[in-house]
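Listed here are the chains, written in short residue letters.
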Amino acid sequence: MSRHRAVRNLDVDGILEEDYYQSESENDFDESELTNEDLDLLDEGLEYIESVIGENNGILSSRQIKEALWYYYLNKEETLEWALDEISKAKALEEKKKLKEKAKKAFIRQSKDNSPPRNSSE
């Protein structure tokens, strides 16, 4: 019976809160904690990446690129590879969605053409 009492008296919110704080990564990107030198390198890398892929590519935000730069230790070439890969994945997914929608419309059109005529007296 004492185990039941221990479970009943358990502070679930406190335990979950502790788990939440412990699960946060030490490598989380926070620009406010960077030195001026790191910020300059980050801005330089962002300019380089955006000059290659386009500033308003509609797929990657400046924030995502900065996080990738930080993840790759400000290595512009690795970040560029990542960015190009992400853009190609997004475009492939978009193309796949378009093809799927086109096939769906064709199927609907075909099923309407092949359906028996409706009797209006019913």
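- The name recorded for the protein chain in an unreviewed UniProt entry is HBS1-like protein N-terminal domain-containing protein, from Rhizopus delemar.
- The UniProt entry for the protein chain carries this comment under Subcellular location (unreviewed entry): "Cytoplasm".

**Quick look at the packing of helix 4 (residues 62-71) against helix 5 (residues 76-114)**
(1) Moving on: Following both chains from N to C, one finds helix 4 and helix 5 inclined at 135 degrees, their axes separated by 9 Å at the closest point. Comparing their axes, helix 5 and helix 4 come out oblique. In this structure, the crossing between helix 4 and helix 5 has a hand that is right-handed. Here helix 4 contributes Q64, I65, A68 and L69 to the contact with helix 5, which in turn contributes K76, T79 and W82.

**Some thoughts on the nonpolar core**
(1) Moving on: Counting residues in hydrophobic clusters, the biggest one holds 12 residues: F29, L34, L42, L46, I49, I53, L60, I65, L69, L80, A83 and I87.
(2) Moving on: The element that contributes the greatest number of residues to this core is helix 3 (residues 36-53), accounting for 4 residues.

**With respect to helix 4**
(1) Moving on: Along helix 4, the residues that are buried comprise I65, K66, A68 and L69. Seen along its axis, helix 4 keeps its buried residues to an arc of 160 degrees; they face one direction.
(2) Moving on: Lining the buried residues of helix 4 we find helix 3 and helix 5.
(3) Moving on: Just downstream of helix 4 lies Y73, where phi reads positive at about 55 degrees.

What counts as what
- Per-chain numbering applies: the sequence of each chain, read as written, is numbered from 1 onward.
- For a predicted model such as this one, the threshold for reporting local features is a pLDDT of at least 70, and the threshold for listing and counting side-chain atom pairs is 80 or more; totals across whole chains, interfaces and linings nevertheless cover every residue.
- Each side-chain value is worked out from all heavy atoms of the structure, with water and hydrogens disregarded.
- UniProt positions are given in the numbering used here, feature names are shortened, and annotations may be inferred rather than shown by experiment.
- To define axes, lines are fitted to C-alpha atoms, for helices over the stretch in contact only, and angles between the resulting N-to-C directions are given on a 0 to 180 degree scale.
- Think of it this way: any DSSP run of H or I at least four residues long counts as a helix, any run of E at least two long counts as a strand, and we number them from the N terminus.
- An angle counts as roughly parallel when it lies under 35 degrees, as roughly antiparallel when it exceeds 145, as roughly perpendicular when it falls between 65 and 115, and as oblique in every other case.
- Two helices cross in a left-handed way if the nearer one is turned anticlockwise from the farther one by less than a right angle. They cross in a right-handed way if the turn is clockwise.
- Any two residues whose heavy atoms approach within 4.5 Å at even a single point are treated as in contact.
- Nonpolar core, defined: a set of buried Ala, Val, Leu, Ile, Met, Phe, Trp, Tyr and Cys residues in which side-chain atoms within 4.5 Å join the residues together.
- Whether a residue is buried, partly exposed or exposed follows from its accessible area with a 1.4 Å probe, protein chains only, as a fraction of its type maximum: under 20%, in between, or over 50%, in that order.
- What the arc covers is the set of directions going from the helix axis to the C-beta atoms.

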